[in-house]
Structure formats: C-alpha cells, structure tokens
Amino acid sequence: MAFVLHDMFAVPYAEIAPLVERSTGTTRQLAARARRRVRDRSPEADGDPALRREAVEAFFAAAREGDIDALLAVLHPDVVLRSDGGAARGRHTRRLEGARTVAEQAVVFGRFAPFVRPALVNGAEGVLVVAGGRPLAVMGFTVTGGRVIAVDVLADPDRLARLGLPGEG
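Residues numbered from 1 in each chain as written. Predicted model: local features only at pLDDT ≥ 70, side-chain atom pairs only at ≥ 80, totals over all residues. Heavy atoms only, no water.

Side note on the environment of Glu15
Inference 1: Locating Glu15 in the fold gives a position in helix H2 (residues 13-20).
Inference 2: What makes Glu15 exposed here is its relative accessible area of 51%.
Inference 3: Separated by 40 residues in sequence, Glu15 and Ala55 have C-alpha atoms that sit 47 Å apart. (Helix = DSSP H or I, 4+ residues; strand = E, 2+ residues; numbered from the N terminus. Buried < 20%, exposed > 50% of the residue type's maximum accessible area, 1.4 Å probe, protein only.)

Here we look at the environment of Pro49
Inference 1: Mapped onto the secondary structure, Pro49 falls in helix H4 (residues 49-65).
Inference 2: For Pro49, a relative accessible area of 42% puts it in the partly exposed group.
Inference 3: Distance from Pro49 to Ala124, taken between C-alpha atoms, is 8.0 Å for residues 75 residues apart in sequence.

Some words on the packing of helix H1 (residues 2-9) against H2
Inference 1: Where H1 meets H2, the axes come as close as 10 Å, and the angle between the chain directions of the two elements is 155 degrees. The orientation of H1 with respect to H2, classified from their angle, is roughly antiparallel. As H1 runs across H2, the sense of the crossing is right-handed. Of the residues in H2, those in contact with Ala2, Leu5 and His6 of H1 are Tyr13, Ile16 and Leu19.
Inference 2: Residue composition of the contact of H1 with H2, by class: five nonpolar, one polar and no charged. (Axes fitted to C-alpha atoms, helices over the stretch in contact; angles between N-to-C directions. Parallel < 35°, antiparallel > 145°, perpendicular 65-115°, else oblique. Left-handed = near helix turned anticlockwise from the far one by under 90°. Contact = heavy atoms within 4.5 Å. Nonpolar A, V, L, I, M, F, W, Y, C, P; charged D, E, K, R; others polar.)

Here's the deal with the sheet that holds strand S2 (residues 94-97)
Inference 1: An order of S2-S1-S6-S5-S4-S3 is seen for the six strands of this open sheet, with the pairing classed as mixed. Two strands bound the open sheet, and with one partner strand each, they are S2 and strand S3 (116-121). Averaged over all adjacent pairs, the angle separating strand axes in this sheet is 20 degrees, with direction ignored.
Inference 2: Looking at chain direction, strand S4 (residues 124-131) and strand S5 (residues 134-144) are connected through six bridges and run antiparallel. Bridge assignment links Ala131 to a residue of S5, and that residue is Arg134.
Inference 3: Running over the sheet, H4 touches strand S1 (75-84), S3, S4, S5 and strand S6 (147-154) and is turned about 35 degrees from S4.
Inference 4: Contacting S1 and S2, helix H6 (residues 99-108) runs over the sheet at an angle of about 55 degrees to S1. (Pairing = 2+ DSSP bridges.)

Structure (structure tokens):
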C-alpha cells in the first residue's frame, strides 16, 4: 500500500504512515521493500522447452562470434544478469541490467562458449561451463517471448564443488 500510494499517486510518506499504522521511516522502508520485490520478481518463462533452448543456443552462438547485434536480438531489452562469484571470485558477483550491457559482457566471456554443456538448471534451460575437467559455472536462463530476460550465474568455486557437478568426460 505504501509503495502504490507513494510511487503511483505521489502521496507523501508522512500521510501514508497513519493509514498503515507505522512511523514515517517504517513506511518508507515498507515501500522500499515492495519496490525491490516488484523489481526482482522472476518473469514467467515460455512454456515450450524447444523455444527456450533455441534462445539459449542463439545466445551462445552470438557470444562466441562476438556478434552484439545477434545478442541484442535474443536478449529482452530489460534483461537482468545476476552472477555469484562467492568469496573466491568476488569480482564476478554482480548484477547487470539492460540488453546492451548484458550483450557486451557476453562477448567478453564468449571465449568460454566452447566449454558450455546444455543442462537443466532448477528445471529450466541452462548450461554447465566445464574446462580443464572442472566446472567453472552453472548458468540458468529465463526465456520470455523467445528472448532471454534473465540469466543467473553461479561461479562460486566453493558452492560448485559442493554440488558434485560432473567434469569433462
């Protein structure tokens, strides 16, 4: 309620606070939490696994070739890439937003495209990145309307080791 009244109707927090029986500061926090939940809400994936797999394959083909235009075609304009590198790879823990930003990052990591193996990640399309006999990352994709709208990357070596993922073979 605080989120809707403030963000949609420009009602000041001080006027909303009595309605939700909270202080002005707490009302502001309630709105901020609601705003984050809306922003971070996972989009619904396409129902056809073949179409989802096709989008993921197109993503890696374009990344491997360094083809920004092809990446932009397969990425939803509001795509979000979330990466968890853990303590060992802290610089890989990040959140990227927008098709151009994600496409540019995909090109940088396109050299890993030859090492991707299709996999189901939490029941959806994804890949396991394996090089030198060890897993480097697990990537899960959410595809909506034939375009990638979310990419979740686990690159934390400690967590990957605990998953017992297969190496090359």
